[in-house]
Amino acid sequence: MFESRIVEIEGTFLGALIVEADRKTRRFYAAHDSVRPLHNRVLAEPDELTRQVVWQFRRAHADSLAQAR
């Protein structure tokens, strides 16, 4: 691992973006259950990968709130 960046939202640690050996692509390491479907997803654009993680987290959170009602 060359470097990584933490991904968190609203104080919840979701995982990390890890720079791959080619120094261009990033891999997502999921640490939160709500974003497990994105574990090991690889993209060259880190902002797009972060957007996908945040969207997945918010969707899972909204779904759990809806089920609780």
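In the block above lies the structure referred to throughout.
Within each chain, residue numbers correspond to sequence positions counted from 1 in written order. Local features in this predicted model are restricted to residues whose pLDDT is 70 or higher, and side-chain atom pairs enter the listing and the counts only when it is 80 or higher, whereas totals over whole chains, interfaces and linings include all residues. Note that the side-chain values use all heavy atoms of the structure and ignore hydrogens as well as water.

Trainee: Mind laying out the sheet that holds strand β1 (residues 4–9), listing which residues take part and the relevant values?
Mentor: Here, a strand pair is defined by DSSP locating no fewer than two bridges between the strands. By definition, any uninterrupted DSSP run of H or I lasting at least four residues is a helix, any uninterrupted run of E lasting at least two residues is a strand, and each is numbered from the N terminus. Taken together, the 4 strands give an open sheet; going across it, the order is β1-β2-β3-β4, and neighbouring strands pair in antiparallel fashion. Here the strands that pair on one side only, and so sit at the sheet edges, are β1 and β4 (42–43). Summarising the sheet, β1 and strand β2 (residues 12–19) pair through 6 bridges and their orientation is antiparallel. Looking at the pairing, isoleucine 9 lines up with threonine 12 of β2. Working rule for contacts: check all heavy atoms of both residues, and any pair within 4.5 Å makes them a contact. Angles run from 0 to 180 degrees between N-to-C directions of axes, and those axes are lines fitted to C-alpha atoms, restricted for helices to the stretch in contact. The strands touched by helix α1 (residues 46–68) within the sheet are β1, β2, β3 (26–30) and β4, with β1 carrying the most contacts at an inclination of about 30°.

Trainee: An account of the side chain of glutamine 56 is requested, with residue identities and associated values reported.
Mentor: With respect to the helices and strands, glutamine 56 occurs in helix α1. The buried label applies to any residue whose accessible area, calculated with a 1.4 Å probe on protein chains only, is under 20% of its type's maximum; exposed applies above 50%, and partly exposed to all values in between. Of the residues examined, glutamine 56 reaches a relative accessible area of 11% and is grouped as buried. We define a polar contact as two N or O atoms separated by no more than 3.5 Å, with the added condition that, inside protein, one atom must be a possible hydrogen donor and the other a possible acceptor, whereas residues neighbouring each other in sequence contribute only through side-chain atom pairs. A polar contact of 3.4 Å, which involves the side chain of glutamine 56, links it to the backbone oxygen of serine 34. Those residues in contact with glutamine 56 that sit more than four places away from it in its chain are Ser34, Val35, Pro37 and Leu38.

Trainee: Outline unusual backbone geometry, supporting the account with residue identities and numerical values.
Mentor: Not every positive phi belongs to a glycine, and arginine 23 is a case in point at roughly 65°. Looking at the secondary structure, you find arginine 23 in the loop between β2 and β3. Positive phi is not limited to glycine here, since asparagine 40 has a value of about 70°. Here asparagine 40 falls in the partly exposed class, since its relative accessible area comes to 39%.

Trainee: Provide a residue-level description of the pattern of salt bridges, including the pertinent values.
Mentor: Should a side-chain nitrogen of Lys or Arg be within 4 Å of a carboxyl oxygen of Asp or Glu, the pair is scored as a salt bridge. By the definition in use, this model includes 3 salt bridges. Taking the shortest distance from any N to any O, the salt bridge between aspartate 33 and arginine 36 comes out at 3.3 Å. Judged by relative accessible area, which is 60%, aspartate 33 ranks as exposed. With its nearest N and O atoms 3.2 Å apart, the salt bridge here joins glutamate 48 to arginine 51. Of this pair, glutamate 48 and arginine 51 are both found in helix α1, 3 residues apart, which corresponds to roughly one turn of the helix.

Trainee: How would you sum up the environment of histidine 61? Please name residues and give values.
Mentor: Looking at where histidine 61 falls in the secondary structure, it is placed in helix α1. A sequence separation of 21 residues divides histidine 61 from asparagine 40, and the C-alpha atoms of the two residues are 21 Å apart.

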